[in-house]
Amino acid sequence: MQLDKNHLKMWKKRLGLESLERTNTISLDRLVEYTVRAYEQHQITFERLEYLLSLSGLQAGQVGITSPEQPQIPSDEELSSLMEM
């Protein structure tokens, strides 16, 4: 299986392997990996995902996750029809 550079970079970020240089920061072991897995298994919300990734200096898009669509608010006509039932 051959990965292009973008997919390889995304997986390195997901697994926390992007940078092996010393940065004098403390990191939680496998935080990004466990966070992404918990989100994919619907154990945490998108907002919690964003917060946990921010602890590692990442955003959801950097690990291949897009923002979920916002729920549509029913129109006035739809609300009226529901009220008539």
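First, a word on what this report is: a plain description of the structure on this page.

Scoring rules and cut-offs
Residues numbered from 1 in each chain as written. Predicted model: local features only at pLDDT ≥ 70, side-chain atom pairs only at ≥ 80, totals over all residues. Heavy atoms only, no water. Salt bridge = Lys/Arg side-chain N within 4 Å of Asp/Glu carboxyl O. Helix = DSSP H or I, 4+ residues; strand = E, 2+ residues; numbered from the N terminus. Axes fitted to C-alpha atoms, helices over the stretch in contact; angles between N-to-C directions. Parallel < 35°, antiparallel > 145°, perpendicular 65-115°, else oblique. Contact = heavy atoms within 4.5 Å. Nonpolar A, V, L, I, M, F, W, Y, C, P; charged D, E, K, R; others polar. Core = buried A, V, L, I, M, F, W, Y, C linked by side-chain atoms within 4.5 Å. Buried < 20%, exposed > 50% of the residue type's maximum accessible area, 1.4 Å probe, protein only. Phe/Tyr/Trp six-rings, centres within 6.5 Å; stacked < 30°, edge-to-face > 60°. Arc of directions from axis to C-beta.

1. Considerations on the pattern of salt bridges
One pass over the structure, following the stated rule, counts three salt bridges. In this structure, Arg-30 and Glu-33 form a salt bridge, with 3.0 Å as the shortest nitrogen-oxygen distance. Note that Arg-37 is salt-bridged to Glu-33, the shortest N-O span being 3.0 Å. Residue Arg-37 and its partner Glu-33 are both found in helix 2 (residues 31–40); the two are separated by four residues, about one turn of the helix. Each of the salt bridges in this network shares a partner with another, and the network as a whole consists of Arg-30, Glu-33 and Arg-37.

2. Considerations on the packing of helix 2 against helix 3 (residues 46–55)
For the pair helix 2 and helix 3, the least separation of the axes is 10 Å and the interaxial angle reads 175°. What the angle tells us is that helix 2 and helix 3 run roughly antiparallel. Contact with helix 2, carried on its side by Leu-31, Val-32, Thr-35, Val-36 and Tyr-39, involves Phe-46, Leu-49, Leu-52, Leu-53 and Leu-55 of helix 3 and no other residues of that element. Among the residues forming the contact of helix 2 with helix 3, the class breakdown is nine nonpolar, one polar and no charged.

3. Here's the deal with the nonpolar core
The biggest cluster of nonpolar side chains holds ten residues, and these are Val-32, Val-36, Tyr-39, Phe-46, Leu-49, Leu-53, Leu-58, Ala-60, Val-63 and Ile-65. Sequence-distant contacts of Tyr-39, defined by excluding residues within four places in its chain, comprise Ile-44, Thr-45, Phe-46, Leu-49, Ile-65 and Pro-68.

4. Quick look at the packing of aromatic side chains
For the coordinates displayed, the defined rule picks out one aromatic pair. Considering the side-chain rings of Tyr-39 and Phe-46, the 6.0 Å spacing of their centres and the 65° angle between planes classify their relative orientation as edge-to-face. Each member of the pair, Tyr-39 as well as Phe-46, is classed as buried.

5. Quick notes on unusual backbone geometry
Glycine aside, residues mostly have negative phi, and peptide bonds are mostly found in the trans state. Unusually for a residue other than glycine, His-42 sits at a positive phi of about 60°. Mapped onto the elements, His-42 comes out in the loop between helix 2 and helix 3. With relative accessibility at 73%, the residue His-42 sits in the exposed group.

6. What about helix 3?
Taken together, the buried positions of helix 3 are Phe-46, Leu-49, Leu-52 and Leu-53. Across the axial projection of helix 3, the buried residues extend over an arc of 125°, all falling on one side. In this fold, the buried residues of helix 3 make contact with helix 2. Following helix 3 by one or two positions, Gly-57 has its phi on the positive side, about 75°.

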